[in-house]
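Observations on the model geometry
Here's the letter readout for the chains.
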Amino acid sequence: MDDKVLVGLVMGFVLLLVFVGLLVFNPFNSNIPSINGIGSDNQTGNNTTITNNTDVLPLTTPLLNFIPSSGLDGQSSSPVSPSPGPEPTPDPMINVINLFDAYFQTRFKDANIPAAAAVIVQNDKIIYMKTLGIKDLASGEPVDENTLFGICSLTKQFSATNIAQYVSQGLMSWDDPITKYFLSPTEFQLYSNEVTDDFTIRDSLTMRSGLEENSGDDYYTYFNNSFATSLYNLRYLENVTPFRSTYAYQNLLYSVPGFCAAKVNNMPWNELIKKDLLDPLGMTNTKTSYWDFISSSNHVTPYTLLKNGTLVPYDIIPDGVGPAGGIYMSISEMANWLKFQIADTGYYNGQKILNRTELDETRTGQTPKNTNTPSWYCMGWHLKADGTLYHEGASIAQYTHLTLYPSKGLAIAIFTNGGYYGVTLKKSCNDKFKNLINGDFNTDTWTPYYDWATNELKPKPPTPPIVDQTLPLSGYTGVYFNDLFGNINITTSDNTLICQYGTDSRTYTLKHWNYDVFEEENNNHFFNFTDIHSGTSHQVDVKLTNTPENVTFNRTSP
């Protein structure tokens, strides 16, 4: 065979092999899978969770495709690197969370309180959770994400949502009169028959009764009166503004719809709200009674801070108005509530809780507030003109704050324990988060809040001269009675005057302040013993926390 022909055949065969090879291995073949990686950034510290991985879409790393370039000599050249693309934009919330975390830890140390906890939710994800401090000064056991705190008046939004469930079911209506449920005037009566007849579930939940702010709070907080007794006593209080004209914060009246729901369902309120609202939201460890809270295995000890700088175990017991302030929960279960509120669907984990229409009604501004900027009270929520929803909770020991930013899909809750500096911590941290998400990295409201707390805790000395008491301690002892509040029992122990309010079994020391006036430091109450004759005081005027005028108690027994 001719050499030229042979060479031609060989070259043709080689070219055929190359062509077949290219068909088998095509770097542009769409059947070759990409290599995917999930971007994550989990940072876990002591009692801290900062998560980003569940909120970031999976990052894709495409297979690097290239075609070998063949030279005339048959040698492969190096692949040509593609031009680098733009760097991915960092999630700005990562920086916000890091700055907030540093602020929260620093200010907790500055506040010098026993315990605090915070959680931040974005849409349906927890992006931050931290607990700080200890549950109890004696044990020193650290707080964790399942430790129970009293949420105080944050309870109000849970109660309103629970009522909304029964409105959704047609069992109740927002505009039902209270007298539909409390039929007898011996149960429910306000300052006029007309107001009594017209007063509705909506009026209760939107704070527009016309009564003085916090009317009746002292009935149950200090004297341990039952809800029925406290509600009965409201008839003796006069209104200070026309009915439905003005916002004035209430606890006793706010709790009434919750007890109406209990009547409808023939079940105690604290059991009803757990069954129908809290348990379906996965809040199975949440308590709805002070005594269940205090006997639980994982709870903070409530401490109040006295003016002498001493922390003492003490808190008010809100069970008498449970729907207004009687829920206790952990920061981890509060996260479920934030997710539910942000979603604004009426569903949680695929389960219907209530109609969205009724849920939204609880968050609709209804009673205008007298503030510098437009704002309203809803049902368990304060509403700002920019759409922000918030509420605060306060007892004498535990202070809480919750803010919802619907347009941003964000919510934050802060729990504190230990008196007025807890107020400073939760307010300043709530403000710091608001400023951070709005791009303000410099504003800090710590100092004014701290100064306020310090001023509140300053001892209030009497105007000189200080005069000794006129009687021996035995001259002040006895039982004193007031028609609205009940008894105050004054005794002595270890040469010290002791008082007991109503049916509350706890006792409190009375410290001489000036003349025949004694100070009860736990609650910042002053006792002025008067009508002194025959070596005995026959009357004591007491300045209580939520009653504008001194309350007079008359001696009933030696």
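Position numbers for residues start from 1 in each chain and track the written sequence from start to end. Local features in this predicted model are restricted to residues whose pLDDT is 70 or higher, and side-chain atom pairs enter the listing and the counts only when it is 80 or higher, whereas totals over whole chains, interfaces and linings include all residues. Based on all heavy atoms of the structure, the side-chain values leave hydrogens and waters out of the count.

The protein chain carries the name Serine hydrolase in an unreviewed UniProt entry, which gives Methanobacterium subterraneum as its organism.

Another point: the pattern of salt bridges. For this analysis, a salt bridge means a side-chain nitrogen from Lys or Arg found within 4 Å of a carboxyl oxygen belonging to Asp or Glu. Under the definition given, this model contains 20 salt bridges. K275 serves as the salt-bridge partner of D276, at 2.6 Å between the closest nitrogen and oxygen. The classification of residues rests on relative accessible area computed with a 1.4 Å probe and restricted to protein chains. Under 20% of the type maximum is buried, over 50% is exposed, and intermediate values are partly exposed. For K275, a relative accessible area of 45% puts it in the partly exposed group. When the shortest N-O distance is used, the salt bridge between D360 and R356 registers 3.4 Å. Of this pair, D360 and R356 both sit in helix α13 (residues 356–362), four residues apart, roughly one helical turn. Secondary structure elements follow DSSP: runs of H or I no shorter than four residues count as helices, runs of E no shorter than two count as strands, and numbering proceeds from the N terminus.

Quick look at the sheet that holds strand β20 (residues 486–493) now. DSSP calls a pair of strands paired once it identifies at least 2 bridges connecting them. The sheet built from eight strands closes into a barrel, its strands ordered β19-β20-β21-β22-β23-β24-β25-β26 with antiparallel pairing. Geometrically, the sheet is characterised by an average inter-axis angle of 35° between neighbouring strands, direction not taken into account. Pairing analysis gives four bridges linking strand β25 (residues 536–543) to strand β26 (residues 551–557), with the strands arranged antiparallel. For D541, the partnering residue across the bridge sits in β26 and is T552. For every element, the axis is a line fit to its C-alpha atoms; helices are fit only across the contacting stretch, and the angle between N-to-C directions ranges from 0 to 180 degrees.

Moving on to the packing of helix α2 (residues 92–111) against helix α14 (residues 420–437). Between α2 and α14, the shortest axis-to-axis distance is 10 Å and the interhelical angle comes to 165°. The orientation of α2 relative to α14 falls into the category roughly antiparallel. Helix-helix and strand crossings are classified by hand; for α2 and α14 the assignment is right-handed. Along the contact surface, α2 presents M93, V96, L99, F100, Y103, F104, R107, F108 and A111, while α14 presents Y421, L425, S428, C429, K432, F433, L436 and I437. Amino acids are sorted into nonpolar (Ala, Val, Leu, Ile, Met, Phe, Trp, Tyr, Cys and Pro), charged (Asp, Glu, Lys and Arg) and polar (every other residue, Gly among them). Looking at the contact of α2 with α14 residue by residue, the classes come out as 14 nonpolar, one polar and two charged. Oblique is the label for any angle not under 35 degrees, not over 145, and not in the 65 to 115 range, which are roughly parallel, roughly antiparallel and roughly perpendicular in turn. Whether a crossing is left-handed or right-handed is set by the direction in which the near helix is turned from the far one by less than a right angle, anticlockwise for left-handed and clockwise for right-handed. Whether two residues are in contact is decided by their heavy atoms: any pair within 4.5 Å suffices.

With that settled, the discussion passes to unusual backbone geometry. For M207, which is not a glycine, the phi torsion comes out positive at approximately 60°. Of note, M207 is situated in the loop between α5 (201–205) and α6 (217–221). A positive phi angle, near 55°, is found at Y515, a position not held by glycine. Structurally, the position occupied by Y515 is in the loop between β22 (508–514) and β23 (517–520). On the accessibility criterion, Y515 (44% relative accessible area) is partly exposed.

Further remarks concern the layout of surface pockets. Using a 1 Å grid laid over the protein atoms alone, points where a 1.4 Å probe fits but cannot get out form a cavity; open sets with protein on both sides within 12 Å along at least 5 of 7 lines form a pocket; any residue with an atom within 4 Å of a point counts as lining. Grid points are joined across faces, edges and corners, and a volume is the space filled by probe spheres set on the points. The calculated volume of the second largest pocket comes to roughly 350 Å³. Taken together, 20 residues make up the lining of the second largest pocket; nearest its centre are Y219, L237, N546, T547 and P548. Residue contributions to the lining of the second largest pocket peak at three residues, all from α6. Tallied by class, the residues present in the lining of the second largest pocket amount to nine nonpolar, five polar and six charged. Domain start and stop positions are those given by an automatic or database domain assignment. Counting only domains with at least three residues in the lining of the second largest pocket, you end up with domain 1 (94–457) and domain 2 (473–557).

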